[in-house]
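Here is how the chains run, residue by residue.
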Amino acid sequence: MDEQRYLTFALGKGRLAKQTLRTFEKIGITCEEMKDPDTRKLIFVNEDLKLRFFLAKGPDVPTYVEYGAADIGIVGEDTILEEARNIYEVLDLGFGKCRMCVCGPRESKELLEHQELIRVATKYPRIAKNYFYNQKHQTVEIIKLNGSIELAPIVGLSEVIVDIVETGSTLRENGLEVLEEVCPLSARMVVNQVSMKMEYERITQLITDLKSVLSISE
Ligand code: PRP
């Protein structure tokens, strides 16, 4: 009989990975060696369950899943929308809730209302472009940044930003506000298209187990 193959999970580093591991523990999936905060290992194995886990930068998770280097990924919906990879999105995990928003100083609200040609700084150029061009029909200049996006309107790089707002404290501490909401976001489970066919039973069982602990109904 064929040995069961390993199912590989790519987890986005940081807060989401911690919540994901806590949720997996509730359905009996554990990975003790991953909990060691000092480890420099990149990949972790649960031999009994034939599972492997690795931590990757959030935006790389859909890439690993599309190419089949991971069967399953757990990542924020913001990253899925921005990366636009050929993957199946199979489950809203319901945690990691936040909002994608247009933010800036209060004075910038008028620029949004009057469809001015403004500059928009963001880590999410595809989401920003889609929002301004296809939903608002406003021509803007999009400037890609890689972090600390809130700096941009403060130092005069842009009039507004498109970024994630969770608690709102980064905005408040920097004198900025939510000016418009683009969409709500949460953590999602994504699956490689071939893995979904080849490992259909194991993956659907995992989805069913996760739904039961996350109290998600059909
Ligand atoms: C994210 C986001 C905001 C902040 C929002 O940044 O880009 O800056 O969190 O959270 P809050 O509403 O709870 O303050 P992250 O911490 O991921 O770091 P980054 O600025 O380097 O992207």
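Every value quoted in this text rests on a predicted model; they were computed, and no experiment measured them.

Rules of the game
- Residues numbered from 1 in each chain as written.
- Predicted model: local features only at pLDDT ≥ 70, side-chain atom pairs only at ≥ 80, totals over all residues.
- Heavy atoms only, no water.
- Near = heavy atom within 4 Å.
- Polar contact = N/O pair within 3.5 Å; in protein donor to acceptor, adjacent residues only side chain to side chain.
- Areas by Shrake-Rupley, 256 points an atom, 1.4 Å probe, with all protein chains shown as cover.
- Helix = DSSP H or I, 4+ residues; strand = E, 2+ residues; numbered from the N terminus.
- Nonpolar A, V, L, I, M, F, W, Y, C, P; charged D, E, K, R; others polar.
- Domains from an automatic or database assignment.
- Contact = heavy atoms within 4.5 Å.
- Buried area = accessible area lost by both parts, 1.4 Å probe.
- Pairing = 2+ DSSP bridges.
- Axes fitted to C-alpha atoms, helices over the stretch in contact; angles between N-to-C directions.
- Buried < 20%, exposed > 50% of the residue type's maximum accessible area, 1.4 Å probe, protein only.
- Core = buried A, V, L, I, M, F, W, Y, C linked by side-chain atoms within 4.5 Å.

1. Side note on the site of the ligand
Alright, step 1. What surrounds the ligand is a group of 13 residues, the closest being Lys 123, Glu 150, Asp 163, Thr 167 and Thr 170.
Alright, step 2. Between an oxygen atom of the ligand and a main-chain N or O atom of Gly 168, the distance comes to 2.7 Å.
Alright, step 3. Here Ser 169 contributes a side-chain N or O atom positioned 3.5 Å from an oxygen atom of the ligand.
Alright, step 4. Relative to its unbound accessible surface of 500 Å², the ligand loses 71% to contact with the protein.
Alright, step 5. Those elements that provide at least two residues to the shell around the ligand are strand E9 (160-165) and helix H7 (169-173).
Alright, step 6. Broken down by element, the shell around the ligand gets its largest block of residues, 3 residues, from E9.
Alright, step 7. Of the residues contributing to the shell around the ligand, the split by class is 2 nonpolar, 6 polar and 5 charged.

2. Description of the domain arrangement of the protein
Alright, step 1. Per the domain assignment, the segments making up the protein are domain 1 (7-96 + 186-217) and domain 2 (98-185).
Alright, step 2. Using only C-alpha atoms to locate each centre, domain 1 and domain 2 end up separated by 29 Å.
Alright, step 3. The partner domain 2 presents 12 residues to the 9 residues of domain 1 that form the contact.
Alright, step 4. Summed over both partners, the interface of domain 1 with domain 2 comes to about 800 Å²; 52% of that surface belongs to carbon and sulfur atoms.

3. Notes on the sheet that holds strand E4 (residues 72-76)
Alright, step 1. Strand order across the open sheet formed by 6 strands is E2-E3-E1-E4-E11-E5, with mixed pairing between neighbours. The sheet is open, and its two borders are formed by strand E2 (43-46) and strand E5 (88-92), each paired with just one other strand. Averaged over all adjacent pairs, the angle separating strand axes in this sheet is 25 degrees, with direction ignored.
Alright, step 2. Against the sheet, helix H1 (residues 15-26) contacts strand E1 (7-12), strand E3 (51-56), E4 and strand E11 (187-191), and its axis sits at roughly 140 degrees relative to E1.

4. Here we look at the environment of Lys 13
Alright, step 1. Relative to the helices and strands, Lys 13 resides in the loop between E1 and H1.
Alright, step 2. It is 29 Å that separates the C-alpha atoms of Lys 13 and Ser 158, two residues lying 145 residues apart in sequence.
Alright, step 3. When residues no more than four places from it in sequence are discounted, the contact partners of Lys 13 are Leu 55 and Ala 56.

5. Points about the environment of Glu 32
Alright, step 1. For Glu 32, the location among the structural elements is in the loop between H1 and E2.
Alright, step 2. The class of Glu 32 is exposed, set by a relative accessible area of 52%.
Alright, step 3. Counting along the chain gives 13 residues from Glu 32 to Val 45, while the straight-line C-alpha distance between them is 9.3 Å.

6. Structural notes on the nonpolar core
Alright, step 1. Of all hydrophobic cores here, the largest spans 26 residues; its most connected members are Phe 9, Phe 53, Ile 72, Met 189, Ile 203, Leu 206 and Leu 210.
Alright, step 2. Contributions of two or more residues to this core are made by E1, H1, E3, E4, E11 and helix H9 (200-214).
Alright, step 3. Looking at which element gives the most residues to this core, the answer is H9, with 4 residues.
Alright, step 4. Ile 72 has contacts with Leu 7, Thr 8, Phe 9, Ala 10, Val 65, Met 189, Val 190, Val 191, Ile 203 and Leu 206, leaving out every residue within four places of it along the chain.
Alright, step 5. In terms of nonpolar packing, the next biggest core, distinct from the first, is built from 18 residues, Leu 112, Ile 118, Val 120 and Tyr 131 among them.

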